[in-house]
Amino acid sequence: MENLVQIALQNVNLAAIMPSLVLVCFGMGLLLINVFLPRGTTRPAVWISLVGIVVTAVVTVQGWGNPQYGFSDAVALDNFATFFNVTFLLAAALTILMSDDYLRREGYAVNEYYPLILFTTAGAMWMASGTDMMTIFLGLEVMSISLYVLAGFFRGQSASNEAGLKYFLLGAFSTGFLLYGMALIYGVTGSTRLTEIGAYLNSHSSLLANPMTLAGLVLLSIGFLFKLGAAPFHMWTPDVYQGAPTPVTAFMSAGPKAAAFAAFLRTLEYCFFGLKPEWSAMLWVLAVLTMTVGNVIAISQTNIKRMLAYSSISHAGYALVGLVAANEIGYSGVLFYMLAYTFMNIGAFAVLILVGKQGEENLTLEGFAGLGYKRPLLGVAMSVFLFALMGLPPTAGFAGKFYIFAGAVKAGYIWLAIIGVLNSAVSLYYYLRVMVYMYFRDPTEDYAWISLPVSVLATIILAVIGCLYLGILPNEVMAMAKTAIF
Amino acid sequence: MTAATTLPQFPWLSLLIGLPLAGALLCLLHRRSRQECRWLALATTLATLAICIGLFVACRHGDGPWLLREDAAWIPRFGIRYTLGLDGLSLLLTLLTAGLHVVAVLLAWPEQRRLPQFLALLLVLESGLMGVFLAVDLVLFYLFWEVMLLPMLFLIGIWGGENRRRAAVRFFLYTLAGSLAMLVAMIALYLLHGAQSGSYSFALADLLQTRLPLTQEYLLFGGFMLAFAIKAPLVPFHTWQPDALSEAPANGAVDVTGLLLKTGIYGMIRFAFPLFPNATRDALPLLAALALVGLFHAAWSAYRQDDVKRILAYSSISHLGLVLLGLAAWNTTAWQGSVLLMVTHGIVTGALFAVVAMLRSRTGTRNLNELGGLWGAAPQLSACFLFFALASLGLPGLANFAGEILVLLGTFRSQPLWALLALPGLVFTAAYLLRLVQGTLWGPAPAARAAIPDLTVREWLVLLPLIVLTVWLGLAPAPLLAPLAAVGGLP
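Residues numbered from 1 in each chain as written. Chains lettered and ligands numbered in written order. Predicted model: local features only at pLDDT ≥ 70, side-chain atom pairs only at ≥ 80, totals over all residues.

Let's talk about the overall build of chain B
Heads up, the condition is: Put simply, DSSP H or I for four residues or longer makes a helix, DSSP E for two residues or longer makes a strand, and each gets a number counted from the N terminus. Contact definition: two residues whose C-beta atoms, as placed from backbone geometry, lie within 7 Å.
Of the regular secondary structure elements, chain B holds 21 helices and two strands. Taken along its principal axes, the extent of the C-alpha atoms in chain B is 75 × 55 × 45 Å. Summarising the internal contacts of chain B: among those between residues at least 6 apart in sequence, 80% fall at separations of at least 24.

Following this line, the structure appears as structure tokens:
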């Protein structure tokens, strides 16, 4: 027993987990403070969590170019992890900024919301920096359990309850797949360390064709693909995204999705580089399926929140194209794309929050009729997000798609790039329809209920700046994404 | 004598793109006062035109492939540069763009609904068009190519006619779908070139060095041509165009819409043909066939329309068929004729759309069956209409004639059959234009029509320069042809 404890605590390097440590400390401190705050007083919690995120961001950025490894190589805070951590922190900060007024409006101004967001973010960070299957699993569970609660946060609304329960049941099921896959791989290689697994499979190449290895790879992939909402494991997304509180939906589709990509990418590249042709072919099919399913179903939606949920599936498909390419451009394209998607998607959801009216009854296309005239600046912001989601220059969406498709073409997957581009063309239609309602129809309402709280405005402005900066001057971030790849 | 010695060093080309954009921002900032906006927009377009004319006077005799060039690093990660270049071809087209935008702003003077936004979008469109005609880095070109669509989408969708929503969405989806094909072809070309030369770059000058197997060249050529053929529009990709042109707002946007068509042709001349010479050589007969089909089909369709604006929209397709035929003939004479025709057609058709807009604002209808007898009511307006209609059908001495005759002569020299086939097309053109003139100017006037005022001073200000230009270019087109002599990459 004593021996085991010693092994587990070998090579402690707190610097390797410092960002998440800071974040968790803030989260737990916030839980304690919440006890002493009167009910309905949420401002302190918002401020503390924002300060926590800023402090964590400062700590995170210190780690750029200065990789830290620790805990017997179970954690690696390398550039890859740091890049993703910044994405998660951005998603969390933008989400928290737009949450307070929304929660107040819907009558759920409860302080526990903010620590949960922080814990989700910390879990995502462990997934991105995990180089051991156990670390990744730990991160995934911390992230998911907080998310289950967040999805069902409106406990008086059946839709939110349904979202929480559905996400929990299906999520638990998919975690089973993931764990089973991990167990099989452990059985084959005798290790949970990603690099050791890779090295072992490399030196025993006969094991690559072993059914147990392949089954392990497939089961692991299913677990990750579920979290990123890729078809055919996407069935939970629309209901969960629609039922969950809007800021949570925005967060889920950006942060945790990016975390799943991070862990998936690292696992594939570290452990299964010997099987690259196999998983590349598998993901090829899934990427095409994911893009197409998301886009085709999004066309028929009239509820904009649900439409964005389906479109988020298709965006996961575009990012999968980068994994299929499996080269330096494709991988760094995934990093860049997830950052870009964070800005454009959270921005779009922030506009939905403002236009949504109490009880979210104004999320249909008709609800947006003439918005561009009654609320010109909101209309312009939404247009920027929609153009970014369409992938038009000069926005982040174009730079991201360009990056990923360039990776695919470079890897010789020209057809995949063509299918991706065709899908973009399909997606134009349903994004454009929102614009048609916003600008080409006369307003039926005066949108008097729209107030512009400073915090939500800050989210929108930051998101617009992000969309345009990454679209017009992407070089800096593209260069960083390049150095973030192992 | 190089351009640099006569012009002070200044990023003139960036100014051409930036000035209208700045004007658009100022318009939005001054949206409280409509009058200020009008003058602001007019000043911006006039300044842009002045720069264009200055460039024309100073640089038209420059030697070397580029009269002016600007170059700066933009996204080194992918070898993308901010490179603008001006040669004889882009010189003419920027001049046309700047000129037509002055006209557009003057036409937009009486617009009542959301004037500041309207003018701002017009100026953004001018900026995008300038970018398209100046960019010589493929990604930069693509950027402007798409940016140019956005103001057009809003101009048609917000200020357009009855079917504006459908027309706007259709226009947007069609043209974007085409340009996505170009995007993939662009990336593929970039990677192929990089693999060959070891240096990855999107610069046109670098990509021109790429050696491709014929199959690959066909595929990439197809990707580029899809984008350009939809924009041009080449039959059978033309169906968005009559809708877009006839629904485009009469007050000033429609003559600018015509400029979009030129970007398609320009893209072929600047990018598709030089980048893929072998594929181009093999595709020329097909191009010529499609051009001839377009010439006839559009002329016939124009003859069958009752809506004056639709007649003019189809007439644009028909004229561009002739332009494409000249390109497909692939010799210097025909090619120069094509470019000349492209420019003069922009002026003449722009003027015709302007006259129709004036007509429409007086009579409230564009339907041929409800018009007629205009000559008696408004002789000045009618005379202008007749003048531009005659110019459009290629009356000798007026602008279109020189271009048409050069195209036909050039085509006859290399492909006599094509030229012979094209001749009846010109008869068709005469037929629908005469029907148009007859239906509006002569015949009985509708009984219930109120008195029609004749041209105002502002309208004369719009039309007079166009009339002068039309006559001048008809009599002496040489100044326009001179800068074309040094344009590289073509026969």
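Read on for the rest.
Considerations on the overall build of chain A
Here is the rule: As a rule, residues whose C-beta atom has 12 or fewer other C-beta atoms within 10 Å are exposed, those with 20 or more are buried, and those in between are partly exposed; C-beta atoms are placed from the backbone.
Along its length, chain A carries 20 helices and two strands. Principal-axis analysis of the C-alpha atoms places the extent of chain A at approximately 70 × 60 × 40 Å. Per-residue burial over chain A gives 61% buried out of 486 residues. Taking the contacts inside chain A whose residues are at least 6 apart along the sequence as the reference set, 79% of them involve residues at least 24 apart.

Thoughts on the packing of helix α7 (residues 149-159) of chain B against helix α8 (residues 164-197) of chain B
All names here are of chain B. Selection rule: Here, axes are lines fitted to C-alpha atoms. For helices the fit covers the stretch in contact, and angles between N-to-C directions go from 0 to 180 degrees. Between 65 and 115 degrees an angle is taken as roughly perpendicular, under 35 as roughly parallel, over 145 as roughly antiparallel, and anywhere else as oblique. Crossing chirality is assigned from the near helix's rotation relative to the far helix, an anticlockwise turn below a right angle marking it left-handed and a clockwise turn marking it right-handed. Under the scheme applied, nonpolar residues are Ala, Val, Leu, Ile, Met, Phe, Trp, Tyr, Cys and Pro; charged residues are Asp, Glu, Lys and Arg; polar residues are all the others, including Gly.
Packing of α7 against α8 brings their axes to within 8 Å, and their N-to-C directions diverge by 160°. In terms of axis orientation, α7 runs roughly antiparallel to α8. Between α7 and α8 the crossing geometry is right-handed. Along the contact surface, α7 presents Leu-149, Met-152, Leu-153, Ile-156 and Gly-157, while α8 presents Arg-164, Arg-165, Ala-167, Ala-168, Phe-171, Phe-172, Thr-175 and Leu-176. In the contact of α7 with α8, the residues fall into nine nonpolar, two polar and two charged.

Some remarks on the interface of chain B and chain A
Each partner contributes to the interface: chain B provides 24 residues, whereas chain A provides 24 residues. Listed by contribution, the elements that provide at least two residues to the side of chain B that touches chain A are α6 (138-147), α7 and α8 of chain B.

So, the packing of helix α3 (residues 34-59) of chain B against helix α4 (residues 88-107) of chain B
Residue and element names in this part refer to chain B. Relative to each other, α3 and α4 sit at 155°, their axes nearing to 9 Å. When the interaxial angle is binned, α3 and α4 end up roughly antiparallel. Taken as a pair, α3 and α4 cross one another with a handedness that is left-handed. Residue-level contacts link Ala-41, Leu-42, Thr-45, Leu-46, Thr-48, Leu-49, Cys-52, Leu-55, Phe-56 and Cys-59 of α3 to Leu-91, Thr-94, Leu-95, Ala-98, Gly-99, His-101, Val-102 and Val-105 of α4. A class-by-class count of the residues in the contact of α3 with α4 yields 13 nonpolar, five polar and no charged.

What to know about the nonpolar core
Cut-off, in case you're wondering: Joining buried Ala, Val, Leu, Ile, Met, Phe, Trp, Tyr and Cys residues through C-beta atoms within 7 Å gives a set, and that set is a nonpolar core.
Formed by 392 residues in total, the largest nonpolar core has its most connected members in Val324(A) and Phe385(A). Apart from the residues within four sequence positions on either side, Phe385(A) is in contact with Met344(A), Gly347(A), Ala348(A), Val351(A), Ala463(A) and Cys467(A).

With respect to the confidence of the model for chain A
Where we set the bar: Each residue carries a pLDDT value, the predictor's own confidence for that position, ranging from 0 to 100.
Of the residues in chain A, 98% reach a pLDDT of 70 or more, and the chain-wide mean stands at 92. Looking over chain A, one finds the lowest element-wise mean pLDDT in helix α1 (residues 2-8) of chain A, namely 50, and the highest in helix α5 (residues 113-129) of chain A, namely 96.

Topic: unusual backbone geometry
All names here are of chain B. Cis geometry is adopted by the peptide bond preceding Pro-233, which originates at Ala-232 and carries an omega value of -20°. In this structure, the amide linkage connecting Val-235 to the following residue, Pro-236, adopts the cis form with an omega of 10°. Locating Pro-236 in the fold gives a position in the loop between α10 (214-231) and α11 (240-247). Positive phi, close to 45°, is recorded for Arg-114, a residue that is not glycine. For Arg-114, the location among the structural elements is in the loop between α4 and α5 (115-134).

Describing helix α14 (residues 308-329) of chain B
All names here are of chain B. Rule in force here: To estimate the expected span of a helix, count its residues, drop one, and scale the result by 1.5 Å.
With 22 residues, α14 extends 32 Å from end C-alpha to end C-alpha; this agrees with the ideal 32 Å at 1.5 Å per step. Most of α14 is tucked away: 21 of the 22 residues are buried. Phi turns positive, to about 60°, at Trp-330, one or two residues after α14.

Some points on the pairing of strand β1 (residues 68-75) of chain B
All names here are of chain B. Threshold: Pairing between strands is defined by DSSP: at least two bridges between the two strands are required.
By the bridge criterion, seven bridges tie β1 to strand β2 (residues 80-86) in an arrangement that is antiparallel. When the bridges of β2 are listed, Ile-75 appears paired with Ile-80. Where β1 folds back onto β2 in an antiparallel hairpin, the turn is made up of four residues, including Gly-79, whose phi is positive at roughly 65°.

So, helix α16 (residues 376-390) of chain A
Residue and element names in this part refer to chain A. Here α16 contains 15 residues, and its C-alpha end-to-end distance of 21 Å stays within 8% of the 21 Å for a straight helix at 1.5 Å per residue. Taking burial as the measure, the 15 residues of α16 include eleven buried ones, the bulk of the element. Among the residues of α16, Leu-378, Ala-381, Met-382, Ser-383, Val-384, Phe-385, Leu-386, Phe-387, Ala-388, Leu-389 and Met-390 are the ones counted as buried. In the segment just after α16, Gly-391 is the residue with positive phi, at about 90°.

Description of the confidence of the model for chain B
Residues and elements named next belong to chain B. When pLDDT is averaged across chain B, the result is 88; 96% of the residues are at 70 or more. Within chain B, the lowest mean pLDDT, 49, falls on helix α1 (residues 3-6), and the highest, 94, falls on α6. Note on residues 1-5: pLDDT is under 50 here. Beyond four places in sequence and across chains, it has nine contacts. Interface confidence for the predicted complex, given as ipTM, is 0.89, next to a pTM of 0.92.

Observations concerning the environment of Phe428(B)
All names here are of chain B. Topologically, Phe-428 is positioned in helix α19 (residues 416-441). For the pair Phe-428 and Leu-28, spaced 400 residues apart in sequence, the C-alpha to C-alpha distance is 45 Å. If we skip the residues at most four places from it in the chain, Phe-428 touches Phe-296, Ala-299, Trp-300 and Tyr-303.

Some thoughts on the environment of Thr237(A)
Residue and element names in this part refer to chain A. By the element assignment, Thr-237 lies in helix α10 (residues 236-243). Here the alpha-carbon distance between Thr-237 and Ala-163, two residues 74 residues apart in the chain, equals 9.1 Å. In this view, Thr-237 contacts Gly-229, Ala-309, Ser-312 and Ile-313; residues no more than four positions away in its chain are not counted.

A closer look at the environment of Phe10(B)
Summarising the element assignment, Phe10(B) is placed in the loop between α1 and α2 (12-29). Sequence separation between Phe10(B) and Glu70(B) is 60 residues; the distance between their C-alpha atoms is 9.5 Å.

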